[in-house]
There are 2 protein chains.
Amino acid sequence: MLLEGALRYAVDQQARWVYELMEFMRFPTVGVDPGHNRDLQVCASWLAVHLRLIGLQRVEILSTRLHPMVYAEWMGAPGQPTLLIYGHYDVQPADPIREWKSPPFTPVVRGADLFGRGASDDKGQMFIHIKALEAILRTSGRLPVNVRCLFEGDEETGSGGLLEYLSTHRKQMAADAVLLSDSSMPAPGCPALTISLRGVLSLDIRVRGLAHDLHSGIFGGAVLNPLQALCDLLAGLHDRGGRVALPGFYTRVRRWSPRTRQALRESGPSEAQILGSAGARSGWGEPDFTLYERTIIRPSLSIHGIQGGYQGPGSKAVIPASASAKVSIRLAADQDPHETEHQMRTYLARNAPPQVQVEMKSLAAARPVLVDRSHPVQRVALQALRRGFGADPRLLGSGGTIPAVSAFHHQLGLQVVMMGFALPDDRAHAQNEKLHLPNFNQGIQSSIHFIHLLGSGLQ
Amino acid sequence: MLLEGALRYAVDQQARWVYELMEFMRFPTVGVDPGHNRDLQVCASWLAVHLRLIGLQRVEILSTRLHPMVYAEWMGAPGQPTLLIYGHYDVQPADPIREWKSPPFTPVVRGADLFGRGASDDKGQMFIHIKALEAILRTSGRLPVNVRCLFEGDEETGSGGLLEYLSTHRKQMAADAVLLSDSSMPAPGCPALTISLRGVLSLDIRVRGLAHDLHSGIFGGAVLNPLQALCDLLAGLHDRGGRVALPGFYTRVRRWSPRTRQALRESGPSEAQILGSAGARSGWGEPDFTLYERTIIRPSLSIHGIQGGYQGPGSKAVIPASASAKVSIRLAADQDPHETEHQMRTYLARNAPPQVQVEMKSLAAARPVLVDRSHPVQRVALQALRRGFGADPRLLGSGGTIPAVSAFHHQLGLQVVMMGFALPDDRAHAQNEKLHLPNFNQGIQSSIHFIHLLGSGLQ
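About the thresholds
Residues numbered from 1 in each chain as written. Chains lettered and ligands numbered in written order. Predicted model: local features only at pLDDT ≥ 70, side-chain atom pairs only at ≥ 80, totals over all residues. Helix = DSSP H or I, 4+ residues; strand = E, 2+ residues; numbered from the N terminus. Domains from an automatic or database assignment. Contact = placed C-beta atoms within 7 Å. Nonpolar A, V, L, I, M, F, W, Y, C, P; charged D, E, K, R; others polar. Pairing = 2+ DSSP bridges. Axes fitted to C-alpha atoms, helices over the stretch in contact; angles between N-to-C directions. Least-squares fit on C-alpha atoms with pLDDT ≥ 70 in both. Core = buried A, V, L, I, M, F, W, Y, C linked by C-beta atoms within 7 Å. Buried ≥ 20, exposed ≤ 12 C-beta atoms within 10 Å, placed from the backbone.

Things to note about unusual backbone geometry
Piece 1. Asp 95 of chain A connects to Pro 96 of chain A through a cis peptide bond whose omega is 0 degrees.
Piece 2. Among the secondary structure elements, Pro 96 of chain A is positioned in the loop between strand S3 (82-88) and strand S4 (108-110).
Piece 3. The omega torsion across Asp 121 of chain A and Asp 122 of chain A is 0 degrees, close enough to zero to call that bond cis.
Piece 4. By the element assignment, Asp 122 of chain A lies in the loop between strand S5 (113-115) and helix H4 (123-140).
Piece 5. At Ser 159 of chain A, a position not held by glycine, the phi torsion is positive, near 60 degrees.
Piece 6. Despite not being glycine, Asp 288 of chain B shows a phi value in the positive range, around 75 degrees.

This is the structure:
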């Protein structure tokens, strides 16, 4: 392959590619909302056409019981390694929409940033690798390695479709490495390889107590309010010191050596940087760990929303018949989501007052991931990032979860390379999500280098 | 006046009057929702026209800073007592609408009950007195007493407009008694006079902690989740024994003699009846008091709804920037809403963690009411109920609040007569609200008797 030609082509095409990315981001692919099902289908078709146009082969739309996946390949390099490129075209919901400076699905460039839902998570980041493939195919007519692309539409809802597919299509997905970008880097010009992900357990907890809603004037004081019982149960999930109070919760969590923790502290963001990105005045959480450690090597529990009673303007004197909460737990290395689910069930059974019935539903589960940083493919990835950005990359942990990575790593036993191109203030999942365009450009350069180095063989 | 003629006329007109009431209930007069402002205006006009048609005079629509009030009078009995009839034409929100067996604003008769929002609270109950006036005016051409009618559209939102109006129009509202029906009776055929109401303090509590929503994977464990801080604060408002845990909360609450408590227990519903109406398996609350006492002579605190984060289907891994709760406190005799508000502010200031800011807004406040059961006008009311229902009426307390009654009683110093015609299972404020039609009929008979007896003089 003509490396220089591909790199130069990529520089020349930036403006057009940003425009194409904006087109990709216009599809409101909110996977969690059934009202957007059709948008995901249309977006998958657009993506399939796009992959065919840049020169990939056997492009297919794969149905799942949820949203479709898009598969494409280029297998014209027999004897060479096979790379599986993964990404997801579904996005988080955009609400509250009024808090966006520009409409979430009308992408707009302000300064050096591209704003819109999916800009970094994950349309923008997956597009980086698509464009790297295009640059090489357009300038060399071929790729130096075999490539499979697998892009799903269920990531934000737990990757149910993909996980089912992988469990029955191990052979079809055979590869020497998986490449993806759905994580972050510390700052512009400062590349990073993600080497760990937290796992997740997403739960829906419902408290039922009454046959119907009641008037709080008439019944207040004589019956237990399910919303109050729910608050009590949720409040009991943390102790006063900021630790999760489920018995046994921390037992399996990996203890790191003082040296590893020191290295982690040095490579990760400072307390001030984390608070700045969070827009928080002060930190909170488990004592004896830095803020960065709390998000990477320690588990956490978050309440995402509470339903029940009256949510509208003004007041309504109602005691709701039932109430529910969405809660998720991020799991640190060596924790097992099934064990944690059991701990939660036990907690709820022991602490639910007799006046109510508590039900818990598991919405998603994924084990934590820790890659082997000494594996040759990870060393190649570091080299590619070094060349793409002209700076030494860091090894980072991520507090987030990518269920597909969990499956590639634990079930398929594949080496997963996670190049993160999102910035800490890119607000994935929040309002005014963005992608820093220099990262888009340098990301494509890094991806071209990675494919080139992989084609030269793993030492 | 020709008492027998009026009573017979009322019996003859029942079918037509139920039809008129259904017409009145079709206006979706949800006062709390600004989207319904126009519906309240149209309903007020309909009501004004109706009052003119039945023979009342000086009918006026009075603007307030909120929803309009409707005033009407008949002052043709100089030297006779003046009766002020109060009611409200606004209703509670109907959501969740899918839990209604028939649409909330399409009233329908099933068996002996009329279903629809406002059936008992308060369109149906206020219509009882309107129809009593019609019966007397149609059959006698005049009333035996002077009458003022004042119907408001702000009751469910705290009666802000009415309270402002009363504070500046004391003279215009001069009366010897106030008559209203916005409370309940124990069972069909078992009339009741309400002699006490709990007061209310409605609050909005907001916890702010972050500049914007965050991804729980990236930040979970390092920042305090405002939704969790809110749950902790709300959980702390009750102790494990079911008592409100605000310091000083119970200090002023009136202690009743064992004899009064005994009488109360005998006149009120049984534990089984309360649990049956509530659709609850077992009771809850302050030890040492019966369920009925807990709702009548003891205060209570209810959480009505919690906002913040993600409320939609599926899951969203968000840590919300802020979260808020709607809470109300029902106050027992001798409690003062301002003092309670101060206790709540102190509690929040003392218990809010340093990572968040807590704001509290008072949405409505009303003092509890205890009428003088030995006053002649209450004795006349008991006599009227006895004649209307052919059964001895009970004296009841109500756990609910009627801010207008608070103002008539405490500020204007008027005797307030509360004839309650709703049944315990009429589900005011909840789905499938209804009015028992025999109560509608016997209520009208009772109201005719009351006006007649009042015209004969108070002994």
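Observations regarding the domain arrangement of chain A
All names here are of chain A.
Piece 1. Split into domains, chain A comes out as domain 1 (3-197 + 368-455) and domain 2 (200-253 + 299-366).
Piece 2. Taking only C-alpha atoms, the centre of domain 1 and the centre of domain 2 are 35 Å apart.
Piece 3. Each partner contributes to the interface: domain 1 provides 8 residues, whereas domain 2 provides 10 residues.
Piece 4. When grouped by side-chain class, the residues that make up the side of domain 1 that touches domain 2 number 3 nonpolar, 5 polar and no charged.

Remarks on the sheet that holds strand S13 (residues 322-331) of chain A
Residues and elements named next belong to chain A.
Piece 1. Within the open sheet, the 4 strands sit side by side as S11-S13-S9-S14. Their pairing is antiparallel. Each having just a single partner strand, strand S11 (300-307) and strand S14 (357-366) make up the two edges of the open sheet. Averaged over neighbouring strand pairs, the angle between their axes works out to 20 degrees when direction is ignored.
Piece 2. Across 9 bridges, the pairing between strand S9 (residues 199-208) and S14 is antiparallel. From the neighbouring strand, Arg 208 faces S14, where its bridge partner is Gln 357.

Details of the environment of Arg 38 of chain A
Piece 1. Within the element layout of this structure, Arg 38 of chain A appears in helix H3 (residues 37-53).
Piece 2. Spatially, the C-alpha atoms of Arg 38 of chain A and Pro 247 of chain A are 44 Å apart, while their sequence positions differ by 209 residues.

Considerations on the relation of the copies chain B and chain A
Piece 1. With an RMSD of 0.1 Å, the fit of chain B onto chain A corresponds to turning through 180 degrees and sliding 0.1 Å along the axis. Classification of the inter-copy transformation places it as that of a two-fold axis. Using C-alpha coordinates, one finds that chain B approaches the rotation axis most closely at Cys 231 of chain B, a distance of 2.5 Å.
Piece 2. When the interface residues of chain B are mapped onto chain A, 100% of them again lie at the interface, so the same face is used by both copies.

Overview of the nonpolar core
A general trend in soluble globular proteins is that nonpolar side chains are found buried together.
Piece 1. Residues Val 223 and Leu 230 of chain A together with Val 223 and Leu 230 of chain B are the most contacted members of the largest nonpolar core, which totals 102 residues.
Piece 2. Discounting residues that sit within four places of it in the chain, Val 223 of chain A has contacts with Leu 210, Leu 214 and Ile 319 of chain A together with Ala 278, Ala 280, Gly 283 and Trp 284 of chain B.
Piece 3. Within the second largest apolar cluster, 87 residues are counted, among which are Cys 149, Phe 151, Val 380 and Leu 385 of chain B.

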